[in-house]
Structure formats: structure tokens, C-alpha cells
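Residue-level structure breakdown
What follows is each chain in one-letter form.
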Amino acid sequence: QVRLVESGGGSVQPGGSLRLSCAASVRSGSIFSINTMGWYRQAPGKEREWVASITSGGSTYYADSVKGRFSISRDNAKDTMYLQLNSLKPEDTAVYYCNAGISSGSINSPYWGQGTQVTVSS
């Protein structure tokens, strides 16, 4: 009923930038609301870690490792969230996943996207 689709990943050199997008797609006619959205990442051999979150009201939160370099935003009219990645480092290499809490009636459920690869290498 609900799909989150990420895009914008790729390969860049250290110091480069990328912009990730996460679009929510809902079955036509469904009534829903998107609550807090967030980005997570998983590097090879490591556990998935939280990167950043944004509430429906626009409050933002960042992991210390990305604070000052990444910027999260959302366009509620388009049901889309973004992550601007600047000053990228090799340690930012990972699959990035978007997450959203979506409510329909009294039911609130978490949804995940399929992931998009970000590779930072010289």
C-alpha cells in the first residue's frame, strides 16, 4: 500500500556532494499522513546506523558523524524527503535507506525504502 523509493546515490570523490531523495508512493484513494522521516545507512560488515531525522513540523536531528556536513529536508506537498551530503568522506560509503512513520487512521507503521548506494573513493 505504501512504498518509499530512494534515488540519487552514486560514486563521488572525497569532498564531493550528493543529494538523495526519498519519495513516498501511496495507493490512490488512501488517506494517510507521514510523520517523522529519517535516513539510515549500512556499510559493509557493519550494523545499520541512524544518520538524520526530520519531523512533520520540520525539526531536524543529526548523528554527530554527519553534523555540519549533511542536511535533511522534506517537501510535504510532494511527500518527499531529501538528504544533501556535502564534504563526503570515504567512511560515508554505505547503502543509505530512508524510513518513515506513516499513519492511516489509528494505525502508525514504519516503512523502509530499498536503499541507494553511496560510494566515496578517490
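Here's what I pulled together on the structure shown here. These numbers were taken from a predicted model, which means no experiment stands behind them.

What counts and how
- Residues numbered from 1 in each chain as written.
- Predicted model: local features only at pLDDT ≥ 70, side-chain atom pairs only at ≥ 80, totals over all residues.
- Heavy atoms only, no water.
- Helix = DSSP H or I, 4+ residues; strand = E, 2+ residues; numbered from the N terminus.
- Rg over C-alpha atoms; globule rule 2.2 N^0.38 Å.
- Buried < 20%, exposed > 50% of the residue type's maximum accessible area, 1.4 Å probe, protein only.
- Contact = heavy atoms within 4.5 Å.
- Areas by Shrake-Rupley, 256 points an atom, 1.4 Å probe, with all protein chains shown as cover.
- Lys, Arg positive; Asp, Glu negative; His and termini not counted.
- Charge placed at Lys NZ, Arg CZ, Asp CG, Glu CD.
- Polar contact = N/O pair within 3.5 Å; in protein donor to acceptor, adjacent residues only side chain to side chain.
- Pairing = 2+ DSSP bridges.
- Axes fitted to C-alpha atoms, helices over the stretch in contact; angles between N-to-C directions.
- Salt bridge = Lys/Arg side-chain N within 4 Å of Asp/Glu carboxyl O.
- Disulfide = S-S within 2.5 Å.

1. Remarks on the overall build of the chain
- Scanning the chain from N- to C-terminus turns up zero helices and eleven strands.
- In summary, the chain has a C-alpha radius of gyration of 14 Å against a globular reference of 14 Å for 122 residues, a match within 12%.
- Expressed along its principal axes, the backbone C-alpha trace of the chain runs to roughly 45 × 25 × 25 Å.
- For the chain, with 122 residues in total, the buried portion stands at 41%.
- Summarising the internal contacts of the chain: among those between residues at least 6 apart in sequence, 53% fall at separations of at least 24.
- Of the roughly 6,500 Å² of accessible surface on the chain, 46% is carried by carbon and sulfur atoms.
- Of the side-chain charges in the chain, 11 are positive and 8 negative, and the distance between the mean point of each set is 4 Å.

2. Digging into the side chain of S53
- For S53, the location among the structural elements is in strand β5 (residues 49-54).
- A polar atom in the side chain of S53 sits 2.7 Å from the side chain of W50.
- Ignoring sequence-local partners within four residues, the contact set of S53 consists of T36, M37, G38, S59, T60, Y61 and I72.

3. Structural notes on the sheet that holds strand β7 (residues 70-75)
- The four strands lie next to each other as β1-β3-β8-β7, forming an open sheet whose pairing is antiparallel. Only two strands of the sheet have a single partner each, and these edge strands are β1 (2-7) and β7. With strand direction ignored, the average angle separating the axes of adjacent strands in the sheet is 15°.
- When β1 meets strand β3 (residues 18-26), the two strands line up antiparallel, connected through six bridges. Bridging across to β3, V5 finds its partner in A23.

4. Brief notes about the side chain of E6
- With respect to the helices, strands and loops of the structure, E6 is situated in strand β1.
- In this structure, E6 is buried with no salt-bridge partner, the nearest side chain bearing the opposite charge being R48 at 7.6 Å.
- Engagement of the side chain of E6 in a polar contact is seen with the backbone nitrogen of C98, the distance being 2.7 Å.
- Of note is the side chain of E6, whose polar atom sits 2.9 Å from the backbone nitrogen of Q114.

5. Things to note about the environment of G115
- Within the secondary structure, G115 is located in the loop between β10 (107-112) and β11 (116-120).
- Note on G115: relative accessible area 15%, which makes it buried.
- Sequence-wise, G115 and C22 are 93 residues apart; in three dimensions their C-alpha atoms are separated by 9.5 Å.
- Every residue in contact with G115, bar those within four places of it in the chain, is listed here: E6, V95, Y96 and Y97.

6. Let's talk about the state of the cysteines
- In total, this model carries one disulfide according to the counting rule given.
- What pairs with C22 in a disulfide is C98, and their sulfur atoms sit 2.1 Å apart. The sign of the 55° torsion about the S-S bond sets the C22-C98 disulfide as right-handed. Residue C22 is located in strand β3, and its partner C98 is located in strand β9 (residues 94-104); the two are separated by 76 residues in the primary sequence.

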